[in-house]
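# Architecture and fold: a report
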Amino acid sequence: QVELVESGGGLVQAGGSLRLSCVVSGDAFSFLNLGWYRQAPGKQRQSLATITSGGVRNYAFSVEGRFTISRDNTKNTVYLQMNLLKPEDTAVYYCNARKNSDNYWGRGTQVTVSS
């Protein structure tokens, strides 16, 4: 069973930065495809950024140029560096891990951006 634990959320002013971390345990981390998603109240969960086991990155248009996903295979950790945060970035942020047909989620971390 794969377990994902997010951290790094919090309250930040608009224009500020946060770095989210997600520690993954229970499977060979280097073979996992990883991603960050978010869900705001009353909205569907949205994909923000993904990184494959080979290091290929993709971003949603809404965050490209502001957010950066990275992974450290020595620490079993995936990161999301978020810069130039906006009030509309306020949401619960979730870490995701996928391998073949298996799909795992963390419990989420709250990010609140004040104007």
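What you are looking at is a predicted structure, and each value in this text was computed from that prediction instead of being measured.

With that out of the way, let us pick up the pattern of salt bridges. One pass over the structure, following the stated rule, counts 2 salt bridges. Taking the shortest distance from any N to any O, the salt bridge between Arg-38 and Asp-89 comes out at 2.8 Å. Separated by 51 residues along the polypeptide, Arg-38 in strand E4 (residues 33–39) and Asp-89 in the loop between strand E8 (77–82) and strand E9 (91–99) bring together distant segments of the chain. For Asp-89, a relative accessible area of 1% gives the class buried. A salt bridge links Asp-89 to Arg-66; the nearest nitrogen and oxygen atoms lie 2.8 Å apart. Placement of the pair is Asp-89 in the loop between E8 and E9 and Arg-66 in the loop between strand E6 (57–59) and strand E7 (67–72), with a sequence separation of 23 residues.

It is worth spelling out the packing of aromatic side chains at this point. On inspection of all chains with the given rule, the structure shows 1 aromatic pair. With 4.8 Å between their ring centres and 70 degrees between their planes, Tyr-37 and Trp-105 make a pair best called edge-to-face. Note that Tyr-37 is positioned in strand E4 and Trp-105 in strand E10 (residues 102–105), a separation of 68 residues in sequence. Judged by relative accessible area, which is 11%, Tyr-37 ranks as buried. Looking at Arg-45, its charged tip hangs above the ring of Tyr-94, at a distance of 3.7 Å from the centre. The positively charged end of Arg-45 is found above the aromatic ring belonging to Trp-105, 4.6 Å away from the centroid.

The residue Asn-96 is located in strand E9 in this model. Engagement of the side chain of Asn-96 in a polar contact is seen with the side chain of Arg-98, the distance being 3.3 Å. Excluding its chain neighbours within four sequence positions, the residues that come into contact with Asn-96 are Leu-4, Asn-33, Leu-34, Gly-35, Tyr-37, Asn-103, Tyr-104 and Trp-105.

Pairing between the strands of a sheet comes from backbone hydrogen bonds, and it takes one of two forms, parallel or antiparallel. Reading across the sheet, the 4 strands line up as E1-E3-E8-E7 and stay open at both edges, with antiparallel pairing between neighbours. Both edges of this open sheet fall to strand E1 (3–7) and E7, since each of them pairs with a single strand only. Averaged over all neighbouring strand pairs, the angle between strand axes comes to 15 degrees, with direction disregarded. As paired elements, E1 and strand E3 (residues 18–25) share 5 bridges and run antiparallel to each other. Each bridged residue has a counterpart across the sheet, and for Glu-6 the counterpart in E3 is Cys-22.

Rules behind the numbers
Residues numbered from 1 in each chain as written. Predicted model: local features only at pLDDT ≥ 70, side-chain atom pairs only at ≥ 80, totals over all residues. Heavy atoms only, no water. Salt bridge = Lys/Arg side-chain N within 4 Å of Asp/Glu carboxyl O. Helix = DSSP H or I, 4+ residues; strand = E, 2+ residues; numbered from the N terminus. Buried < 20%, exposed > 50% of the residue type's maximum accessible area, 1.4 Å probe, protein only. Phe/Tyr/Trp six-rings, centres within 6.5 Å; stacked < 30°, edge-to-face > 60°. Lys NZ or Arg CZ within 6 Å of the ring centre and 35° of its normal. Polar contact = N/O pair within 3.5 Å; in protein donor to acceptor, adjacent residues only side chain to side chain. Contact = heavy atoms within 4.5 Å. Pairing = 2+ DSSP bridges. Axes fitted to C-alpha atoms, helices over the stretch in contact; angles between N-to-C directions.

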